[in-house]
Amino acid sequence: MSTVEDFFAQHDDWPWNPPRPGRATFHYLILVTEGVLRHDVDYVTQTVAPGQWLWVRPGHAQCWHPPGAARGPFILFEPDVLRPDLARLLAPLTAHEAPAVLSPRPEDTVWLQQTALQLLDEHRALGRRPLGIHHALRRSLLESLLLRLADSPGTALVGTATAGTGRGRGDRYGRFLDALELHFRELHQAADYAELLGCSVRTLSRTTRDATGKGARELIDERRLLEARRLLRGERWDARAVAVHLGFIDPANFGRFFRDRTGLTPAAYAAR
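Quick look at the structure, then. Bear in mind the structure is a predicted one, so any value in this text is a computation, not a measurement.

**Re the sheet that holds strand β2 (residues 22-23)**
In spatial order, the strands read β2-β7-β4-β5; together these four strands make up an open sheet with antiparallel pairing. Edge positions in the sheet fall to β2 and β5 (44-48), since each has one partner strand and no second. In this structure, strand β4 (residues 37-41) lies alongside β5, joined through five bridges in antiparallel fashion. Directly across from His39, in β5, lies its bridge partner Gln46.

**Thoughts on the packing of aromatic side chains**
With the rule as written, the count across this model stands at twelve aromatic pairs. Centre to centre, the rings of Phe254 and Phe258 are 6.0 Å apart; their planes meet at 50°, and the pair counts as tilted. One end of the pair is Phe254 and the other is Phe258, both in helix α11 (residues 251-262) and four residues apart, which spans about a single turn. Residues Phe254 and Phe258 agree in their burial class; the two are buried. Classification of Phe258 as buried rests on a relative accessible area of 0%. Linked through ring pairs, Phe7, Phe8, Tyr28, Trp64 and Phe74 together constitute an aromatic cluster. When the ring centre of Phe184 is taken as reference, the NZ or CZ atom of Arg223 above it lies at 4.2 Å. Note that Arg224 overlies the ring of Phe257, its terminal NZ or CZ placed 5.6 Å from the centroid.

**Quick notes on the environment of Phe8**
Along the polypeptide, Phe8 turns up in helix α1 (residues 4-9). Residue Phe8 is classed as buried on the basis of its relative accessible area, which comes to 11%. Spatially, the C-alpha atom of Phe8 lies 19 Å from that of Phe77, the residues being 69 residues apart in sequence.

**What about helix α7 (residues 190-197)?**
Turning to α7, its buried residues number three or more, namely Ala190, Tyr193, Ala194 and Leu197. The buried residues of α7 occupy an angular sector of 105° when projected down its axis, which confines them to one face. At its buried positions, α7 is contacted by α6 (172-183), α8 (201-212) and α9 (216-232).

Cut-offs used in this document
- Residues numbered from 1 in each chain as written.
- Predicted model: local features only at pLDDT ≥ 70, side-chain atom pairs only at ≥ 80, totals over all residues.
- Heavy atoms only, no water.
- Pairing = 2+ DSSP bridges.
- Helix = DSSP H or I, 4+ residues; strand = E, 2+ residues; numbered from the N terminus.
- Phe/Tyr/Trp six-rings, centres within 6.5 Å; stacked < 30°, edge-to-face > 60°.
- Buried < 20%, exposed > 50% of the residue type's maximum accessible area, 1.4 Å probe, protein only.
- Lys NZ or Arg CZ within 6 Å of the ring centre and 35° of its normal.
- Arc of directions from axis to C-beta.
- Contact = heavy atoms within 4.5 Å.

See below:
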């Protein structure tokens, strides 16, 4: 738990030596109270205005922009910090594909800011109270904050889940996204996911088109492409390793797949 201004103060070589894009391993949750924050999430620049929240989830590629006048609390937490019952309830909000920028309801704005500041105060109060109470207070404040954020417009409805559906989402589109996130490396056909969900390919495609305007196969390819872009930015991954990781039998097929969708070869993209 920190603040945006403290983060930039700890990186005093900005903007001359900005960090390279990297994969998030924590949840990054930032409230902007002053100024404007610009931040890349999966290679899309997000602009976060006062009163809005930026949420970078584990697995996302992110890159900081040079410091500006942005101010506000900066919360980091590990995926397993939430109790299992709460994690299931918040699954649509913590999901990989959930919105990166949240705009809470106006009546919630002040409450959320005050709760975030209380969480920051408790984080800085290590030693003021018994350790067990300190940790319990931090968890309670974080859980309250997330539950209130879950009611932000544009987020998936919370509480619509049914038991026994992966991360807890009962609708067919949500279960497809859950299955895709688990299996996109080895399952590449719409028929694979239709079988997992117990429906026909036509029904699955109708479901994804109703939700996004895109067919199931297009969403599968988009997820594989996103992972390829993330990995190719890493120094330890070359095109052949990425192809194997994503289930391409022939690296040349991966090269065509990538070039057709980005206009660049994997090597050219990595070099750029």
